[in-house]
Amino acid sequence: MLKLDYNYMMSDFIGGHGIAIADFNNLKSKFESAHKAMEDKRKAGKMDFRELPYNQDAVVGDILDYAAAMRDSVDAFVVLGIGGSALGPMAVHQAVNNPYYNELPRDKRGGNPKFYVADNVDPERLTYLFQAVDPAKCLFNVVSKSGSTSETMSQFMYIKELLEKTIGKEESRRRIVCTTDRHSGNLIKIAKDEGYKTYYIPSGVGGRFSQLTPVGLLPAAFCGIDISALLEGAADMDKACLNPCVRENPGYMYAALHYILMEKGKNMSVMMPYADSLKYMSDWYAQLWAESLGKRFDNNGREVFAGQTPVKALGVTDQHSQVQLYAEGPFDKITVFLGVDEYRETLLVPKTYQDISSLGFLGGVTHNQLIQVERMATEYALLRAGRPSMTITLPKVTEHTVGQLLYLFEVATAFAGELMDINAFDQPGVEEGKNATYAYFGRPGYEEKKKEMDAKPEKNNDYII
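Everything in this summary refers to the structure shown in the same document.

Reading the values: the criteria
- Residues numbered from 1 in each chain as written.
- Predicted model: local features only at pLDDT ≥ 70, side-chain atom pairs only at ≥ 80, totals over all residues.
- Heavy atoms only, no water.
- Helix = DSSP H or I, 4+ residues; strand = E, 2+ residues; numbered from the N terminus.
- Expected span 1.5 Å × (residues − 1).
- Buried < 20%, exposed > 50% of the residue type's maximum accessible area, 1.4 Å probe, protein only.
- Contact = heavy atoms within 4.5 Å.
- Pairing = 2+ DSSP bridges.
- Axes fitted to C-alpha atoms, helices over the stretch in contact; angles between N-to-C directions.
- Parallel < 35°, antiparallel > 145°, perpendicular 65-115°, else oblique.
- Left-handed = near helix turned anticlockwise from the far one by under 90°.
- Nonpolar A, V, L, I, M, F, W, Y, C, P; charged D, E, K, R; others polar.
- Core = buried A, V, L, I, M, F, W, Y, C linked by side-chain atoms within 4.5 Å.
- 1 Å grid on protein atoms, 1.4 Å probe; cavity = no way out; pocket = protein on both sides within 12 Å on 5 of 7 lines; lining within 4 Å.
- Points joined across faces, edges and corners; volume = space filled by probe spheres on them.
- Phe/Tyr/Trp six-rings, centres within 6.5 Å; stacked < 30°, edge-to-face > 60°.
- Lys NZ or Arg CZ within 6 Å of the ring centre and 35° of its normal.
- Salt bridge = Lys/Arg side-chain N within 4 Å of Asp/Glu carboxyl O.

## Description of helix H16 (residues 399-420)
Since the α-helix packs 3.6 residues into each turn, any two residues three or four apart lie on the same face. Taking 1.5 Å of rise per residue, 22 residues should cover 32 Å, and H16 covers 32 Å from first to last C-alpha, within 8% of that figure. Counting buried residues along H16, 21 of its 22 residues qualify, which places the element largely inside the surrounding structure.

Encoded structure:
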């Protein structure tokens, strides 16, 4: 099981910018209320992401059968999705597989196809992808719960036409698999009309909480990742997160630590993995934390402008680009280190240059030791500067521990929402941008939004240089 070490969040260690035991005691009733709300919502079926570790045996079996049947005929598996539909699959793939996975020959990929995610509508993105892979030999996974996501559906429309022109309508059907809502939206209707293989996102699971649904499980399976182990890891973390005592519940504690320091002005949360394999976990977490907790209104409709800005960093790389700010800049940050006890490879530095004192000490040291010591050194630097930090340590990066980590952050996000008295499961700010896009292109039903946009003040050329 992964470990959460929050010693350096406490005032015992970092002084006035830390948390005192009294801070926990003063919030006892708030924690109890938040726990009750979590339990009540789960029982009422309003927190469906918490059932995912237990209710997907049939889905997992179908995914594994489908991957086995299709794998040999597919050179590349391409996800068409954005937000959680892209960030989750990328994070898990980076965590579990070789970082140079796509450059390896197929036999060293376990016979699995290459993996790509097309999550932006920069016109160069797909154009250049198809200079690297033959679209006729790809399997395209279209991921949109609503089926109206402009970015994803525009990519799908382009690829559908491209495939039908090059390999015909019948073969094109085999090259497209959809992940969407079971009952409503454009994509499920299209999938039924066209005869595409389809997987379903549970109706009560939002995009940023969907990595442990077919959104993440399907691409993972095609890349040789053990999806059953992912879910087993999540189930283990769920059991740990059932404890009503905040100080014995890792998900609750992660949220509580952030909440207490948010109230004290720490409005940025830096995530800094000390493992390249966990690099994209920060990207996935950034969406989860920002979109869930950044809210204008609380549950009673009062303006609160709540939230905490997530920041992505990578150890050791960003010791040389960001840590100066974290150690000596404003006292507005919490740093979350992700550490690993056992890396999958060992690299030994040879004992050369023993006559050069500033280099000789490295001889005989492994990179495993070096990266762990550098993490501890950065923790120490922030400790000396009185800056709060915590460390989550995975015994080893595996499907099982990655499942634990994903689930930990999901529970923490939901609990933080309860503590903040906001809805952690909507995204009205995102919807505003979507609606403006629809109105700009004349989508029916958005005429009033178009009028509103047309009435905005003209830009002043004096402010353009």
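## Thoughts on the environment of isoleucine 21
For isoleucine 21, the position within the fold is in helix H2 (residues 21-26). The spacing of isoleucine 21 and lysine 459 is 438 residues in sequence and 52 Å in space, taken between C-alpha atoms. What isoleucine 21 contacts, discounting residues up to four positions off in sequence, is Met10 and Arg247.

## Some remarks on the pairing of strand E12 (residues 389-394)
By the criterion of burial, E12 is predominantly enclosed, with six of the six residues buried. Side-chain alternation along E12 places Ser389, Thr391 and Thr393 on one buried face and Met390, Ile392 and Leu394 on a second face that is also buried. Pairing of strand E1 (residues 3-5) with E12, which is carried by three bridges, proceeds in the antiparallel orientation. Across the sheet, the residue bridging to leucine 4 is isoleucine 392, located in E12. By the bridge criterion, six bridges tie strand E11 (residues 333-340) to E12 in an arrangement that is parallel. When the bridges of E12 are listed, glycine 339 appears paired with threonine 393.

## Details of the packing of helix H11 (residues 250-262) against H16
Following both chains from N to C, one finds H11 and H16 inclined at 45°, their axes separated by 8 Å at the closest point. Comparing the axis directions of H11 and H16 gives the class oblique. As for the relative orientation of H11 and H16, their crossing is right-handed in sense. Facing Pro250, Gly251, Tyr252, Tyr254, Ala255, Ala256, Tyr259 and Met262 of H11, the residues of H16 in contact are Leu408, Phe409, Val411, Ala412, Phe415, Ala416, Leu419 and Met420. For the contact of H11 with H16, the class distribution of residues is 15 nonpolar, one polar and no charged.

## Looking at the nonpolar core
Side chains of a nonpolar character, in soluble globular proteins, are inclined to be buried together. By size, the foremost hydrophobic cluster in this structure holds 109 residues, and its most contacted members are Tyr254, Leu278, Ile392, Leu405 and Phe409. If one sorts the elements of this core by residue count, H16 sits on top with 13 residues. Residue contacts for isoleucine 392: discarding those within four places in its chain leaves Leu2, Lys3, Leu4, Tyr254, Val336, Phe337, Leu338, Gly339, Leu405, Leu408 and Phe409. In terms of nonpolar packing, the next biggest core, distinct from the first, is built from 21 residues, Ala76, Phe140, Met153 and Cys178 among them.

## A word on empty space enclosed by the protein
Counted under the stated rule, the structure contains one cavity of 30 Å³ or more. Here the largest cavity is characterised by a volume of approximately 50 Å³. Lining the largest cavity are Tyr326, Pro330, Phe331, Asp332, Lys333, Thr335, Leu382, Arg387 and Pro388. In terms of residue class, the lining of the largest cavity is made up of five nonpolar, one polar and three charged.

## Description of the packing of aromatic side chains
What characterises a pair of aromatic rings is the spacing of the ring centres plus the angle enclosed by the ring planes. Overall, the coordinates contain 20 aromatic pairs when judged by the stated rule. What links up through ring pairs into an aromatic cluster is the set Phe49, Phe209, Tyr407 and Phe425. Over the aromatic face of tyrosine 101 sits the side chain of arginine 109, whose NZ or CZ is 5.9 Å from the ring centroid. Over the aromatic face of phenylalanine 24 sits the side chain of arginine 247, whose NZ or CZ is 5.7 Å from the ring centroid.

## Considerations on the pattern of salt bridges
Taken as a whole and assessed by the stated rule, the structure comprises 32 salt bridges. For arginine 50, the salt bridge goes to aspartate 238, with nearest N and O atoms at 3.0 Å. You can see arginine 50 sitting in the loop between helix H3 (28-43) and helix H4 (57-70) and its partner aspartate 238 sitting in helix H10 (residues 227-240), a full 188 residues away along the chain. Each of the salt bridges in this network shares a partner with another, and the network as a whole consists of Arg42, Arg50, Glu51 and Asp238.

## Brief notes about the packing of H4 against helix H9 (residues 214-222)
Packing of H4 against H9 brings their axes to within 9 Å, and their N-to-C directions diverge by 35°. For the crossing formed where H4 meets H9, the hand is right-handed. Contacts between H4 and H9 involve Val59, Val60, Ile63, Leu64, Tyr66, Ala67 and Met70 from the former and Pro214, Leu217, Leu218, Ala221 and Phe222 from the latter.

Taken by themselves, the reported measurements are silent on function.
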